Amino acid sequence: MPHRFDPPPQTVCVLRLSAIGDTCHAAAALRALNEAWPQTRFTWIIGRLEAKLMSAILPDVEFITFDKSGMTRELLRLRKVLKPRRFDLLLDMQLSIRASLVSTLVSSPVKLGFDRARARELQWLFTNAQIASAASEHVLDSFLGFVRACGIQPGAASWNITLPAGARDYADRLIPDSRPTLVISPCSSHRARNWSAERYAAVADHAARIHGMRVILAGGRSAQEQDMGAAIVAAAAVDVKARTPIVNQIGKDTLPELLGLLGKATVLVSPDSGPVHMATMVGLPVIGLYAATRSARAGPYYSRQWCVDKYDEAARRVFGKPAAAIPWTKKIERPGVMDLIGVKEVTDKLDALIARTKLA
């Protein structure tokens, strides 16, 4: 049964440490709660990297960061920070022993977590209230379950983001005109979710040659991402390089700047990754590349019709059974599964999306 708050709570603590995509989902739930409880003060315990994005777009929320690389040190530090604090409600949105240990430091009469069936890693031992059970939900919908458990019926997921000026300026420098722009964010944090550089280059070629699009590569500073960006540029056709060089911005922006770029682009192509969900926050259509994970569970929330999803084929190849016969949360992060996605399937989605954009 939903927990009725009448009057609304004065203070709410949200616990979601990572990752970028999941914090984007949590932000939608927080926004729904904020709209229903405008006088409530929200505090979010969050990872340091994720805070760099969320603090830029949620200025009215207090952020307390947690560095996962120093577990014992951070728990001791956080205990000092939280000891004098009292909250009316804790929303424990993370299924991990680490997060559950953090939750023990939060003083609150109501500690709301996932239902028993989904409360992996013993989360149910650390909470005293649960959201309603549900099967086969998108991750964002599971987070909206926390809103419903508070007696609030949320509308369609929304973020209503105001981008900081620096992020808008960054986007304006890279996209200074109305020319359609394709952003490719080629890497997930899980290597087995990534497509090949040659196939990304083929999509970039098609976008430039057929649709006259500007192509921008985006990503973080890891060696994997830097190598992927260089390989895509090297694999791009010579004639396309002459016409419109690929702009390689991998490792050259901040998370808020990337969000600004996505907010001004025409379409994003990416595997299951944080930028997929950042794009959703700013209303950018996403052509998601899914085989290692299900787009129905983890795809771009408002662009699932534009995804190329080979998860069922991957399940049949790896496990010898259809996707419907394996657990909803099962990942198929095996070498080669992303090769099930063909270039033409992606360019067909791009063609259809561009055609719809022209008709709008």
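The notes below deal with the structure included here. Small disclaimer: the values here were computed from a predicted structure and weren't measured.

So, how was this worked out
Residues numbered from 1 in each chain as written. Predicted model: local features only at pLDDT ≥ 70, side-chain atom pairs only at ≥ 80, totals over all residues. Heavy atoms only, no water. Core = buried A, V, L, I, M, F, W, Y, C linked by side-chain atoms within 4.5 Å. Buried < 20%, exposed > 50% of the residue type's maximum accessible area, 1.4 Å probe, protein only. Helix = DSSP H or I, 4+ residues; strand = E, 2+ residues; numbered from the N terminus. Contact = heavy atoms within 4.5 Å. Pairing = 2+ DSSP bridges. Phe/Tyr/Trp six-rings, centres within 6.5 Å; stacked < 30°, edge-to-face > 60°. Lys NZ or Arg CZ within 6 Å of the ring centre and 35° of its normal.

Within the largest apolar cluster, 67 residues are counted, with the highest numbers of intra-cluster contacts made by W44, M54 and L91. Of the residues forming this core, the biggest block, nine residues, is contributed by helix α1 (residues 20–36). Ignoring sequence-local partners within four residues, the contact set of L91 consists of V12, C13, V14, L15, L33, L112, F146 and C150. Core analysis: the second largest hydrophobic core is formed by 40 residues, I232, V308, I332 and V346 among them.

Counted residue by residue, strand β11 (residues 286–290) has five buried out of five residues, so it is predominantly covered. By the alternation rule, side chains of β11 split into V286, G288 and Y290 and I287 and L289, which are all buried. With four bridges connecting them, strand β10 (residues 267–271) and β11 associate as parallel partners. From the neighbouring strand, S270 faces β11, where its bridge partner is G288.

On to the packing of aromatic side chains, then. What the rule picks out here adds up to six aromatic pairs. Plain terms: the ring middles of F5 and W37 are 5.6 Å apart, the flat faces sit at 75° to each other, and that makes the pair edge-to-face. Placement of the pair is F5 in the segment before β1 (11–15) and W37 in the loop between α1 and β2 (41–47), with a sequence separation of 32 residues. Each member of the pair, F5 together with W37, is buried. Their ring planes at 85° and their centres at 5.1 Å tell us that F114 and F146 sit as a pair that is edge-to-face. Of this pair, F114 sits in the loop between β5 (111–113) and β6 (129–130) while F146 sits in helix α5 (residues 139–149), and the two are 32 residues apart along the sequence. Judged by relative accessible area, F114 falls into the buried class, the value being 5%. Feature note: the residues F114, F143 and F146 constitute an aromatic cluster, connected by ring pairs. It is R116 that lies over the ring of W124; its NZ or CZ is 3.6 Å from the centre. Note that R304 overlies the ring of Y301, its terminal NZ or CZ placed 4.7 Å from the centroid.

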